[in-house]
Each structure stands twice: as C-alpha cells, then as structure tokens.
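Structural overview for review
Next come the chains, spelled out residue by residue.
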Amino acid sequence: EGDTGRIGIGTASPDEILEIEKNDTVYLHLDGTTAGLKLDKNAAVNMAYVFYQTNGSTNWIVGVPASGDIGDGSDFNIGTSSDAADSKFFIDSGTGNVGIGTANPDRPLKLVSSSVSESFGIQYTGASGASGGAGIRLEQDDGAVMADGHALGRIVFKGAEDTGNAISEGATIVAYADENWSGSANAGALAFKTTTGTTPTERMRIDSSGNVGIGTDSPRKMIHSYHATTNIVGLFESGDSKALIAF
C-alpha cells in the first residue's frame, strides 16, 4: 500500500504490515516436514501475542506479555487484555507455577476467584455406585517407604489476618501413616486441627482402628476423651427433660 510498506491480500487498505481479507472462511496453511509460526519480540518489555477478535474488538490475547504488564517478559498468559487484572490462565516461566484467575501463582497450581464461593469443581459423569463419585487424590511419594507418623496429605484452611493480606492458618485436616507401610500394611489415621492464637493444635484424631480421640492422638477405645488440667472430659446435653446414654 503506497509507501507504508504494508501488504494487503484481498484488500487495498491493510491496517497492519500484512493483512489477509476475504468475505469467506480464511485459513493460513503451513505445510512442511517441520511447520511453525514464530513470534519473536526484541525485548522483555515488548509483547508477543496472538489476538482473537470479533469485528475489531479483542476477545482473547494469547502469548508472552510485556514485562511491564504481566510477569517478567518471558511468561505465558491467556487473558481478555494485556492487563494483569484480566489474566485468566498464566504460567510462570521460572517456576512452572500455573495461575487460573491470577498472574501471581505462588504454588504449582493456584485458583483465584472473586465472584464464586465454590471456585473449584469436579464433576463425575460415570455410572453411579459404591465406587463412583467425584474425588480428589492427595498423594505423597518421595521414593521412600512411608513410616509411622509420616503425613500422607493435608487440607489447610487459611485467611487474611490483616489488610496487608498476610495469610494465616485457621484449621487443618491431616492424614498420617498409622504404622510403617509395606505391601501388606497401609494403616492410616486422620487428624483435625484448629488454631488458638497463632498455634495450630490437634483436637481430634481417628486412628486406623476407627477409635476416636479427643484431646489425644492415641485413642485406646472407640471414644477416648482426654484433658490435661480438668476432671470433666465430656458433656452430654439434651433439649429434652433428660440426657441418656444407652448401654
């Protein structure tokens, strides 16, 4: 087009250095033993993106953002604009951490949502039955055999303790090996912790025999309640005229 250096295919007025226009389906076909499309930016402060638009309006931007916008200039991002606030899927090139709804993942996978209370969902569509249903698997494997007392996995409940977004632990559920493991021994226990002040403390444990310990991590009976400083270790209360325990 004139002296602009732009090339138009199907148009005499290209908006970019190369524009292909056709009032029909348009494909770009690269055919070879090795085929690829290379986007090479000359500095971290610049971007290398593929824009998906409808009538000139951007719907999605996919690629490597500028360091002044998101990340350090070498990360991968999918978003609705080049702003960090519009990032939907982000991969940190240094750590490999993945962020969904955040451009600052501080864990291998971090999901952030400000509009949905249940920000993570798993749906199982297989046949219903005793072995069906959706699930989450937490697995510990560092190449060593699990020993008695080793943690198998944990669910931690945290929240901000101040306006500076300092995050603290409020409660935790931990699964432990309840014996030294082998091919024929895989006993496990569940511990429930809550935080008083700033210290998470175990309150209840279910061992591999099904015994429940309250105030003890070594329950000797089906229900074992222990307190180090009081004689009253249990209370049974009923809204009826009396409380009964059946034997």
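Shown above is the structure to which this text applies.
Residues numbered from 1 in each chain as written. Predicted model: local features only at pLDDT ≥ 70, side-chain atom pairs only at ≥ 80, totals over all residues. Heavy atoms only, no water.

Brief notes about the overall build of the protein
- Scanning the protein from terminus to terminus reveals zero helices and 14 strands.
- Starting at the N terminus, the α and β elements of the protein follow one another as β-β-β-β-β-β-β-β-β-β-β-β-β-β.
- Compactness check: the protein gives a C-alpha radius of gyration of 29 Å against a globular reference of 18 Å for 247 residues, more than 25% above the reference.
- By its C-alpha atoms, the protein is 95 × 45 × 40 Å across when sized along the principal axes.
- Counting over 247 residues, the protein shows a buried share of 17%.
- For the protein, restricting intrachain contacts to residue pairs at least 6 apart in sequence, the fraction spanning at least 24 positions comes to 12%.
- Entry remark: accessible area of the protein is about 18,400 Å², with carbon and sulfur atoms responsible for 51%.
- In the protein, the 16 positive side-chain charges and the 31 negative ones have mean positions that sit 10 Å from each other. (Helix = DSSP H or I, 4+ residues; strand = E, 2+ residues; numbered from the N terminus. Rg over C-alpha atoms; globule rule 2.2 N^0.38 Å. Buried < 20%, exposed > 50% of the residue type's maximum accessible area, 1.4 Å probe, protein only. Contact = heavy atoms within 4.5 Å. Areas by Shrake-Rupley, 256 points an atom, 1.4 Å probe, with all protein chains shown as cover. Lys, Arg positive; Asp, Glu negative; His and termini not counted. Charge placed at Lys NZ, Arg CZ, Asp CG, Glu CD.)

Examining the nonpolar core
- One finds Y49, I61, I70, F90 and A103 forming the largest nonpolar core, which totals five residues.
- Non-local contacts of Y49, meaning those with residues more than four positions away in its chain, are made with L39, I61, V62, G63, V64, P65, I70, N77 and S82. (Core = buried A, V, L, I, M, F, W, Y, C linked by side-chain atoms within 4.5 Å.)

Observations concerning the environment of R6
- Locating R6 in the fold gives a position in the segment before β1 (7-9).
- For R6 and V45, which are 39 residues apart along the polypeptide, the C-alpha to C-alpha distance reads 25 Å.
- At 3.4 Å, the side chain of R6 and the backbone oxygen of P14 are in polar contact. (Polar contact = N/O pair within 3.5 Å; in protein donor to acceptor, adjacent residues only side chain to side chain.)

Structural notes on the sheet that holds strand β9 (residues 151-160)
- Strand order in the open sheet made by the six strands is β9-β10-β11-β12-β13-β14, with mixed pairing throughout. Only two strands of the sheet have a single partner each, and these edge strands are β9 and β14 (223-225). Here the strands of the sheet are splayed against their neighbours by 20° on average, with no regard to which way each runs.
- Pairing of strand β12 (residues 199-206) with strand β13 (residues 212-214) involves three bridges; the strand directions are antiparallel. In the strand pairing of β13, R205 is matched with G213. (Pairing = 2+ DSSP bridges. Axes fitted to C-alpha atoms, helices over the stretch in contact; angles between N-to-C directions.)

Section: the side chain of N211
- The residue N211 is located in the loop between β12 and β13 in this model.
- Side-chain polar atoms of N211 contact the backbone nitrogen of M222, separated by 3.4 Å.
- Contact partners of N211, with chain neighbours within four places excluded, come to R205, I206, P219, R220, K221 and M222.

Quick look at the side chain of H224
- Within the secondary structure, H224 is located in strand β14.
- Of the polar contacts made by the side chain of H224, one reaches the backbone nitrogen of R220; its length is 3.1 Å.
- What H224 contacts, discounting residues up to four positions off in sequence, is V212, G213, I214, T216, S218 and P219.

Re the sheet that holds strand β4 (residues 57-64)
- Taking strand neighbours across the sheet as the criterion, the six strands line up as β3-β4-β5-β6-β7-β8 in an open arrangement whose pairing is mixed. Of all the strands in the sheet, just β3 (48-54) and β8 (109-111) have a single pairing partner and so form its edges. Pairs of neighbouring strands in the sheet enclose a mean axial angle of 15°, with direction left out of account.
- Alignment of strand β6 (residues 87-91) against strand β7 (residues 98-100), held across three bridges, turns out to be antiparallel. Bridging from a neighbouring strand, I91 pairs with V98 of β7.

Notes on the layout of surface pockets
- As a volume, the largest pocket reaches approximately 1,200 Å³.
- Residue lining of the largest pocket: 21 residues in total, with R107, L109, K110, L111 and V156 positioned closest to the centre.
- Looking at the lining of the largest pocket, the elements that each hand over two or more residues are β8 and β9.
- Of the residues forming the lining of the largest pocket, the biggest block, six residues, is contributed by β9. (1 Å grid on protein atoms, 1.4 Å probe; cavity = no way out; pocket = protein on both sides within 12 Å on 5 of 7 lines; lining within 4 Å. Points joined across faces, edges and corners; volume = space filled by probe spheres on them.)

Description of the packing of aromatic side chains
- Throughout the structure, instances matching the rule amount to one aromatic pair.
- With a centroid separation of 6.0 Å and an interplanar angle of 80°, the aromatic rings of Y49 and F51 are classed as edge-to-face. (Phe/Tyr/Trp six-rings, centres within 6.5 Å; stacked < 30°, edge-to-face > 60°.)

Here we look at the pairing of strand β11 (residues 188-196)
- Relative to β11, strand β10 (residues 167-177) runs antiparallel, the two sharing seven bridges. Paired with A175 across the bridge in β11 is L190.
- Bridge analysis of β11 against β12 gives seven bridges, and the strand direction is antiparallel. Note that in β12 the partner of F192 across the bridge is M204.
- Connecting the antiparallel pair β11 and β12 is a turn made up of two residues, with G197 showing a positive phi of about 70°.

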